[in-house]
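Descriptive analysis of the structure
Listed here are the chains, written in short residue letters.
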Amino acid sequence: MRIHRRPNGIDLPFSSEITPQAVFEQRRRFIKTLGLGAIAGTSLWEMSQRAAHAQSGARLAAKLNPGYAVLDKQTSFKDATSYNNFYEFGTDKSDPAENAHTLKTRPWTVAIEGEVKKPQVLDLDALLKLAPLEERVYRLRCVEGWSMVIPWIGYSLSELIKKVEPNGNAKFVEFHSLADPKQMPGVRSAVLDWPYVEGLRLDEAMHPLALLTLGMYGQVLPNQNGAPVRLTVPWKYGFKSAKSIVKIRFTRDMPRTSWWLANPREYGFYSNVNPEVDHPRWSQASERRVGEDGFFAKKRKTLMFNGYAEVASLYSGMDLRKYY
Ligand SMILES: Nc1nc2c(c(=O)[nH]1)N[C@H]1C(S)=C(S)[C@@H](COP(=O)(O)O)O[C@H]1N2
Ligand SMILES: [Mo]
């Protein structure tokens, strides 16, 4: 392991080579080492913010499900947590990592409403206990042309759907993210119609690949990745995977999703990853894997359904150019 020699004499390994657990423990040691000496230069508020951060790195145990694990090299924890889209915290890739510490993830509830026989409000502990947590290594492909490979933790969204029993009218599922301007500075600007709303057809939502996600890299979700609960729909462009979900609503009609409202020609409801259907302003045939962005790094070919060919039967008979 290579070691950074820091000017203060504290050695830190290169972040791309260490596990999030190591990061977490190292951070605790670091805060301890600083001890009282830090108070002169650091406000108590800053110190308590750091402590809160350390807590947000709490471990989350889950068994790897090898049936849902791609073999691609995993994106480093550092890259996956410092290059994000989460417009509630700003539109730059670095904004979520900088700003999302103000998100309060406990207590947290998810309201389940609409066309279901058993509407209910689930808190975080109920969600954590609803089904056994699994680790699944998924590719996530952003519509902007980059992708990551992340060891997520959660269980199939279908587990939750079965529990609330959709009625005969339920054809779609809507996901609402939190939109609190006190915790989320980006919500004060009108880049999108808040709250962030995403949606799936009910049969898509029932597909076992659709993951209700509560953690990644062996720990609870970092705030910038959508804590405390998000969706990961790996065969669709990343924006379909709503973060920090507070409401799940079952509907008769196709949801009016935030990106579709912003630009229906560019961001269709389906948004399945498809190298043959270009975005109106750029090709979708290839992608850059985050972390492989050196001068010699080759772009990768984007795969149909992001490589998750098993979902194809959901769309049989559909013209995927029309239903983009
Ligand atoms: N609420 C909310 N969810 C969101 C977004 C957002 O801006 N707000 N961005 C989406 C986009 S464009 C992508 S690519 C993924 C990024 O997830 P990651 O930061 O965990 O890689 O989150 C999606 N979920
Ligand atoms: Mo994205």
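Notes on the structure in this doc start here. (Residues numbered from 1 in each chain as written. Chains lettered and ligands numbered in written order. Predicted model: local features only at pLDDT ≥ 70, side-chain atom pairs only at ≥ 80, totals over all residues. Heavy atoms only, no water.)

**Some thoughts on the overall build of the protein**
In terms of regular secondary structure, the protein is built from eight helices and 15 strands. For the protein, the residues scored as buried account for 50% of the 324 residues in total. Considering only residue pairs separated by 6 or more positions, the protein has 70% of its internal contacts joining residues 24 or more positions apart. (Helix = DSSP H or I, 4+ residues; strand = E, 2+ residues; numbered from the N terminus. Buried < 20%, exposed > 50% of the residue type's maximum accessible area, 1.4 Å probe, protein only. Contact = heavy atoms within 4.5 Å.)

**Details of the layout of surface pockets**
Its boundaries defined by the atoms lining it, the second largest pocket holds a volume of some 470 Å³. Lining of the second largest pocket is provided by 28 residues; of these, N85, W146, G238, F239 and K243 occupy positions nearest its centre. Taken together, the elements giving at least two residues each to the lining of the second largest pocket come down to β6 (134-141) and β7 (146-156). A per-class count over the lining of the second largest pocket returns 17 nonpolar, six polar and five charged. (1 Å grid on protein atoms, 1.4 Å probe; cavity = no way out; pocket = protein on both sides within 12 Å on 5 of 7 lines; lining within 4 Å. Points joined across faces, edges and corners; volume = space filled by probe spheres on them. Nonpolar A, V, L, I, M, F, W, Y, C, P; charged D, E, K, R; others polar.)

**Regarding the pattern of salt bridges**
Under the defined criterion, the tally for this structure stands at 16 salt bridges. Among the ionic pairs, R201 bridges to D203, the shortest N-O distance being 2.8 Å. By relative accessible area, R201 is classed as buried at 12%. You can call D203 partly exposed: its relative accessible area is 35%. (Salt bridge = Lys/Arg side-chain N within 4 Å of Asp/Glu carboxyl O.)

**With respect to the sheet that holds strand β4 (residues 109-114)**
Within the open sheet, the five strands sit side by side as β5-β4-β13-β8-β9. Their pairing is mixed. Each edge of the open sheet is held by one strand with a lone partner, namely β5 (120-123) and β9 (197-201). Direction aside, the axes of adjacent strands within the sheet are offset by 20° on average. Taken together, the five bridges between strand β8 (residues 172-177) and β9 define a ladder with antiparallel strand orientation. When the bridges of β9 are listed, H176 appears paired with V197. Along the sheet, helix α6 (residues 157-164) makes contact with β4, β5, β8, β9 and β13 (245-251), crossing β5 at roughly 140°. (Pairing = 2+ DSSP bridges. Axes fitted to C-alpha atoms, helices over the stretch in contact; angles between N-to-C directions.)

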